[in-house]
2 protein chains.
Amino acid sequence: MSIFNVELIKTVDDSYEIEIGYDLMNRLIEDLETGLLGKIKKLSVITDSNVRDLYAKPISERLVQSGYKVDMFVFPAGEKSKTRQTKERIEDAMLEKGYRRDCAVLAVGGGVVTDLAGFLAGTYGRGVPFINYATTLLAAADASVGGKTAVDTPLATNLIGLFNQPQKVYLDIAAWKTLPRREMASGLSETMKHACLASRDMFEFIEEHLDDIFSYKRFACEYIAENNCKIKYAVVMKDERESGLREVLNLGHTVGRAIEAVSGYRLLHGEAVAIGMAAQVMLSARLGYMTEEEALRVTALYERAGLPVTIPDYIDREALVKKLYTDKKVRDGKLRFVLQKGIGDVVEFSPGVFAKPLEESLAREIIMEL
Amino acid sequence: MSIFNVELIKTVDDSYEIEIGYDLMNRLIEDLETGLLGKIKKLSVITDSNVRDLYAKPISERLVQSGYKVDMFVFPAGEKSKTRQTKERIEDAMLEKGYRRDCAVLAVGGGVVTDLAGFLAGTYGRGVPFINYATTLLAAADASVGGKTAVDTPLATNLIGLFNQPQKVYLDIAAWKTLPRREMASGLSETMKHACLASRDMFEFIEEHLDDIFSYKRFACEYIAENNCKIKYAVVMKDERESGLREVLNLGHTVGRAIEAVSGYRLLHGEAVAIGMAAQVMLSARLGYMTEEEALRVTALYERAGLPVTIPDYIDREALVKKLYTDKKVRDGKLRFVLQKGIGDVVEFSPGVFAKPLEESLAREIIMEL
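What counts and how
- Residues numbered from 1 in each chain as written.
- Chains lettered and ligands numbered in written order.
- Predicted model: local features only at pLDDT ≥ 70, side-chain atom pairs only at ≥ 80, totals over all residues.
- Heavy atoms only, no water.
- Helix = DSSP H or I, 4+ residues; strand = E, 2+ residues; numbered from the N terminus.
- Rg over C-alpha atoms; globule rule 2.2 N^0.38 Å.
- Buried < 20%, exposed > 50% of the residue type's maximum accessible area, 1.4 Å probe, protein only.
- Contact = heavy atoms within 4.5 Å.
- Areas by Shrake-Rupley, 256 points an atom, 1.4 Å probe, with all protein chains shown as cover.
- Buried area = accessible area lost by both parts, 1.4 Å probe.
- Salt bridge = Lys/Arg side-chain N within 4 Å of Asp/Glu carboxyl O.
- Polar contact = N/O pair within 3.5 Å; in protein donor to acceptor, adjacent residues only side chain to side chain.
- Pairing = 2+ DSSP bridges.
- Right-handed = clockwise from strand over helix to strand, strands pointing away.
- Phe/Tyr/Trp six-rings, centres within 6.5 Å; stacked < 30°, edge-to-face > 60°.
- Lys NZ or Arg CZ within 6 Å of the ring centre and 35° of its normal.
- Axes fitted to C-alpha atoms, helices over the stretch in contact; angles between N-to-C directions.
- Least-squares fit on C-alpha atoms with pLDDT ≥ 70 in both.
- Parallel < 35°, antiparallel > 145°, perpendicular 65-115°, else oblique.
- Left-handed = near helix turned anticlockwise from the far one by under 90°.
- Nonpolar A, V, L, I, M, F, W, Y, C, P; charged D, E, K, R; others polar.

**Observations concerning the overall build of chain A**
From N to C terminus, chain A includes 13 helices and ten strands. Over its C-alpha atoms chain A spans a radius of gyration of 21 Å, differing by no more than 12% from the 21 Å that the globule rule assigns to 370 residues. Overall, chain A is about 70 × 60 × 40 Å in size when its C-alpha atoms are taken along their principal axes. In chain A, which comprises 370 residues, the proportion classed as buried is 64%. In chain A, the share of contacts with a sequence separation of at least 24, taken over all contacts with a separation of at least 6, comes to 78%. As presented, chain A carries roughly 13700 Å² of accessible surface, and 50% of it is formed by carbon and sulfur atoms.

**Some words on the interface of chain B and chain A**
Across the contact, 72 residues belong to chain B and 70 residues belong to chain A. Carbon and sulfur atoms supply 53% of the area that chain B and chain A bury against each other, a total of about 6400 Å² over both sides. In terms of surface lost to chain A, no three residues of chain B exceed B:F4, B:L8 and B:R126, which account for 14% of the buried area on that side. Note that A:R84 is salt-bridged to B:D92, the shortest N-O span being 2.7 Å. Run the count over chain B and chain A and you get 30 residue pairs in polar contact (both at pLDDT 80 or more). Looking at the side of chain B that touches chain A, the elements that each hand over two or more residues are β1 (2-6), β2 (9-13), β3 (16-21), α3 (84-96), α4 (111-123), β8 (148-153), β9 (156-163) and α8 (218-237) of chain B. It is α3(B) that contributes the most residues to the side of chain B that touches chain A, eight residues altogether.

**Some points on the pattern of salt bridges**
Residues and elements named next belong to chain A. One pass over the structure, following the stated rule, counts 56 salt bridges over all chains. D31 serves as the salt-bridge partner of R27, at 3.6 Å between the closest nitrogen and oxygen. Taken together, the residues R27 and D31, both in helix α1 (residues 25-33) and four residues apart, mark about one turn of the helix. The class for D31 is buried, based on a relative accessible area of 12%.

**Thoughts on the pairing of strand β7 (residues 130-134) of chain B**
Residue and element names in this part refer to chain B. With five of five residues buried, β7 is to be regarded as a mostly interior element. Every second residue of β7 is oriented toward a common face, with F130, N132 and A134 on one face and I131 and Y133 on the other, all of them buried. Of the pairings in the sheet, the one linking strand β6 (residues 103-109) to β7 comprises five bridges and is parallel in character. Following the sheet pairing, V105 is matched in β7 by F130. Following the chain from β6 across α4 to the adjacent parallel β7, one finds a crossover that is right-handed. Of the pairings in the sheet, the one linking β7 to strand β10 (residues 168-172) comprises four bridges and is parallel in character. Looking across to β10, one finds that Y133 is bridged to Y170.

**Concerning the packing of aromatic side chains**
Enumeration according to the criterion identifies ten aromatic pairs over all chains in this entry. Between A:F4 and B:Y233, the aromatic rings sit 5.3 Å apart at their centres with planes inclined by 85°, giving edge-to-face as the arrangement. Highlighted residues: A:F4 in strand β1 (residues 2-6) and B:Y233 in helix α8, drawn from two different chains. For A:F4, a relative accessible area of 14% translates into the label buried. One aromatic cluster in this structure is built from A:F205, A:F219 and A:Y223. Seen from the ring of B:F119, B:K87 lies directly overhead, with NZ or CZ sitting 4.5 Å from the centre. Over the ring of B:Y314 we find B:R266, and its NZ or CZ is 3.6 Å from the ring centre.

**A closer look at the sheet that holds β1(A)**
Strand order across the open sheet formed by seven strands is β1(A)-β3(B)-β10(B)-β7(B)-β6(B)-β4(B)-β5(B), with mixed pairing between neighbours. Looking at the sheet topology across the chains shown, the edges are occupied by β1 of chain A together with β5 (69-75) of chain B. Neighbour-to-neighbour, the strand axes of the sheet open up by a mean angle of 15°, direction not taken into account. Across five bridges, the pairing between β1(A) and β3(B) is antiparallel. Considered in β3(B), the bridge of A:I3 is made with B:E19. With respect to the sheet, helix α1 (residues 25-33) of chain B is in contact with β1 of chain A together with β3, β4 (42-48), β6, β7 and β10 of chain B, its orientation differing from that of β10(B) by roughly 160°. Packed on one face of the sheet, α4(B) meets β4, β5, β6 and β7 of chain B and runs near 170° to β6(B).

**Looking at the environment of B:E226**
Looking at the element boundaries, B:E226 is found in helix α8. In this view, B:E226 contacts A:S2 and B:I20; residues no more than four positions away in its chain are not counted.

**Focus: the sheet that holds strand β4 (residues 42-48) of chain A**
The seven strands are arranged β5(A)-β4(A)-β6(A)-β7(A)-β10(A)-β3(A)-β1(B) in an open sheet whose pairing can be described as mixed. Of all strands in the sheet, those bounded by a partner on one side alone are β5 (69-75) of chain A together with β1 of chain B. When the angles between neighbouring strand axes are averaged without regard to direction, this sheet yields 15°. Relative to strand β10 (residues 168-172) of chain A, strand β3 (residues 16-21) of chain A runs parallel, the two being bridged by five bridges. Counted as the bridge partner of A:I20 is A:L171 from β10(A). The sheet contacts of helix α2 (residues 52-65) of chain A involve β4, β5, β6 (103-109), β7 (130-134) and β10 of chain A, and relative to β5(A) the element is tilted by about 165°. The strands touched by helix α8 (residues 218-237) of chain A are β3 and β10 of chain A together with β1 of chain B; relative to β1(B), the strand with the most contacts, the crossing angle is about 10°.

**Topic: the relation of the copies chain B and chain A**
With an RMSD of 0.0 Å, the fit of chain B onto chain A corresponds to turning through 180° and sliding 0.0 Å along the axis. Here the symmetry operator amounts to a two-fold rotation axis. When C-alpha distances to the rotation axis are compared across chain B, the minimum falls at B:T11, with a value of 2.1 Å. When the interface residues of chain B are mapped onto chain A, 97% of them are again interface residues, pointing to one common binding face.

**Some remarks on the packing of helix α6 (residues 181-198) of chain A against helix α7 (residues 200-214) of chain A**
Residue and element names in this part refer to chain A. The interhelical angle for the contact between α6 and α7, taken along N-to-C directions, is 165°, at an axis separation of 8 Å. By the criterion of interaxial angle, the relationship of α6 to α7 is roughly antiparallel. Considering the relative orientation of α6 and α7, their crossing is right-handed. Of α7, the residues touching α6 (which contributes R181, M184, A185, L188, T191, M192, A195, C196 and A198) are R200, M202, F203, I206, L210, I213 and F214. Of the residues assigned to the contact of α6 with α7, the class counts are 13 nonpolar, one polar and two charged.

Function-wise, these values are silent; they only describe arrangement.
Below is the structure:
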């Protein structure tokens, strides 16, 4: 018998920039021309059917002019495409076109595109670099910081994936204008969640400037894009592997994700989160962590943004409660709720701590009422 | 416009032990009982139809006795199972059984099992820990050091995957006895490749003790298991991400992998590598890097081990040449050959250097002759 020690201690630098601005295509091209991807000259542009003509095609054409070999890989827009099958189809198409390890991936689109493309890049040739060109507020809120990439499976959302950091992220605010209002509101849902968990100032800014946001005023859009990044970054930096602290980002998501799944994705992610937030503030208020007024103020802002704050009738509440316990964050059948403390803070949350019986029964009650 | 810097510099410790010995099941249980996996109490045992009853089942039963929740996930033995579909089926089965992020994967089997299970572990819940219990010589030679995990696709072998380091590797030499002779020889093929590229002593040991190896004499098996690790480790440590140096491990693989693919996997990996090595030593000899006698000595050892050193008649040589250029290591349609220098060394190899026209045409000639 003998033991052989494999010593693998190393320093990894996964740092990257997030650039926030209007019409960032030129900035992307400049960055590539000044060496963002080193010697790589082959780019797989991954996008969806909504974004193809608006952004991915013009960007691809500019890249070809700059001397890149570019192919576009397009899948049907929507969360339903965020699957292992879509990933597989794109992988096969890239292989077919001769893409090997000497390529990079450019994701152009919303959160579904960036999640899927980032995961694909992480396992293509055991990892090729990728860049996110995010065209939606949800992607700006959700997919810009943190390196989480994943796909959904029939039994769980976002469970198969990777932590994988991009080379750079572009948040193109100009692109938000092309979003249907429903998508914009859905993105705003995660933004408001960030405000609720970390910044009363940001919450008040959104209350005051909700109309400016929906009319795409540049100052308002930049403010929320920047503050999304700041808050996520502050949380994620302290806990890159989600061992504990990062879970505060799941505020409203315990119920939200279950609703999203039970709705069969009739609800957008941000809509499901809005209902989850409504449930969460009710729970937090009943447990005494925030006042009834604060809870109502949160719910009112979600409503003003055109988001649902009650459970739609077509959702079976019993099925929803059952789904809660199959969430991927559920350990050994025990639930965990992140609870809000006033507006702009959360109740301290330790990795090993699960929902108390009182919290679980209150949550069940709230689901039945909501 | 604003730029937000995400600073992500960190030190990662991926160190692990490789334990080489006879009947290591008890050692595995001891390690688990003394905290190898921390608090994790749920184990997904991934194995194939050959290894299930011999090792995976007894190990699983012992784990259950030790208080673990264990499920076995079994797929049909063979390289043909090393696919995204098999990975997906096991993921779904694990989800169905309630496996979330609080689990670990225990791979019990040969290289196909460890490659697939290591990849699956790397993307399950964005990464859960895994342990390799390797039961074949090929796994000992190939899958023990280096952290390469992957699956095959219709268009490329090992192209979709991850670098993912296990918590520990067990190389159970006793298990080699249960291998069909053909599998043992296939594993020895990679071992002899290691000797050829890095150790004349090891090459001579194998020449002298080939019969001891095939009669599973403990000293001989331990010697080759240990020296496989040493050589691979020395190479991999200097180049974890395969930017250059690590490619020396592809000795014999440029042609070998193409033959494996063109044979439709009628040839085992090690058999295809044996033919690739025969082609490689001919090429190296013709280019003057080794003598004719040395080349014949290598080929003779492969033959004595019962491995093929000529291209089977059913393989279309034109198709083979074409396949060479679709290998995943081929960049921009340019081939790269690792060439042997005498016995126990390789010709220095730089990342940017491709095969010269002379080398390519010689290689083509050799393929037509072999």
